[in-house]
Amino acid sequence: MKYKALIVEDEVLSRDFLSNLIREFCPQLELVGVATNVDEAVAFINAKYPRLVFMDIEMQTGTGFDVLQKVNHHNFHVIFTTAFDHYAIKAIKFSAVDYLLKPINLEELELAVAKAIKHMEARPEDNRLELLLQNLRKTPGEDFSISLSTSEGVDFIPLSHIIRLEAKGPYTIFYLRDGRQIMVSKNLKEYELCLSEHGFFRIHNSYMINLKDVKRWVKTDGGYAVMSDDALVAISPKKKDEFMMLMTKRMV
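Residues numbered from 1 in each chain as written. Predicted model: local features only at pLDDT ≥ 70, side-chain atom pairs only at ≥ 80, totals over all residues. Heavy atoms only, no water.

Peer 1: If you had to explain the sheet that holds strand β16 (residues 224-227) to someone new, which residues and values would you point to?
Peer 2: Taken together, the three strands give an open sheet; going across it, the order is β15-β16-β17, and neighbouring strands pair in antiparallel fashion. The sheet terminates laterally at β15 (214-218) and β17 (232-234), the two strands that pair on one side only. Between one strand axis and the next, the sheet turns through 25° on average, direction left out of account. By the bridge criterion, four bridges tie β15 to β16 in an arrangement that is antiparallel. Following the sheet pairing, W217 is matched in β16 by A225. (Pairing = 2+ DSSP bridges. Helix = DSSP H or I, 4+ residues; strand = E, 2+ residues; numbered from the N terminus. Axes fitted to C-alpha atoms, helices over the stretch in contact; angles between N-to-C directions.)

What follows is the structure, given as structure tokens:
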């Protein structure tokens, strides 16, 4: 079985390069069309229902997000392509949608396609694009949500519901306010950059915490934070000064 794929790209060289890579190295895909602007992309998606769309973020006529907002349905998966590691990448990471930086690397392309196909086979319906659009509309002070994929499905969790994260080898456990624990097959480093801009702090090599959920911190016994769920989280000696500074700012 081949999955119908569409390329949305306004640069000729980038479009031809990606087309050639897909035709030669992605036998699971059938490249059924290319679109060079927002309107062409919207018309093609509405009429032809591709399963996978390679979506350029920045185009002369608009953005890939404009396409997502204008189409009649989101019954497709997206792999974004961009030459810039800019603000939008953070929102994309929150929604667990894949992206490729240009110039596109073959191994990264094959990995992204394999992940997309695995997801399509396991879960025909996908709400990650709706989550992405919701996050893009929010201001920095609003509560973002994050997509957490597990073996049982996908959970969309507001950041304010997360108390702490714990590293377990290649996995990460999310501890939530309602008492749930969600284990995902990504390491803690994957979440550190995007969450640190939303009030989370990597307090230890094995732990990241929501600073709003710190009830108190103790300087004895090596130092630890007491969280809202009464968990005791060790403070790394290397992180102690930065943690104290952040907590002091909260109290001012």
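Past the structure itself, the notes keep going.
Peer 1: Describe the pattern of salt bridges, and please don't skip the residues or the numbers.
Peer 2: Going through the model one piece at a time under the given rule, you end up with eleven salt bridges. Among the ionic pairs, E9 bridges to K102, the shortest N-O distance being 2.7 Å. Residue E9 is found in the loop between β1 (3-8) and α1 (12-25), and its partner K102 is found in the loop between β7 (98-101) and α5 (106-122); the two are separated by 93 residues along the sequence. Taken as a pair, E9 and K102 share a single burial class, namely buried. With its nearest N and O atoms 3.6 Å apart, the salt bridge here joins K189 to E192. Highlighted residues: K189 and E192, both in helix α7 (residues 189-196), separated by three residues, approximately one helical turn. (Salt bridge = Lys/Arg side-chain N within 4 Å of Asp/Glu carboxyl O. Buried < 20%, exposed > 50% of the residue type's maximum accessible area, 1.4 Å probe, protein only.)

Peer 1: Go over the sheet that holds strand β12 (residues 181-184) with me, naming the residues and quoting the values.
Peer 2: Within the open sheet, the five strands sit side by side as β12-β11-β10-β14-β13. Their pairing is antiparallel. The open sheet is flanked by β12 and β13 (200-204), the only strands paired with a single partner. Put simply, the sheet's adjacent strands are angled 20° from each other on average, direction ignored. The sheet contact formed by β13 and strand β14 (residues 207-210) spans three bridges and is antiparallel. When the bridges of β14 are listed, F200 appears paired with N210.

Just geometry here; none of it tells us what the structure is for.
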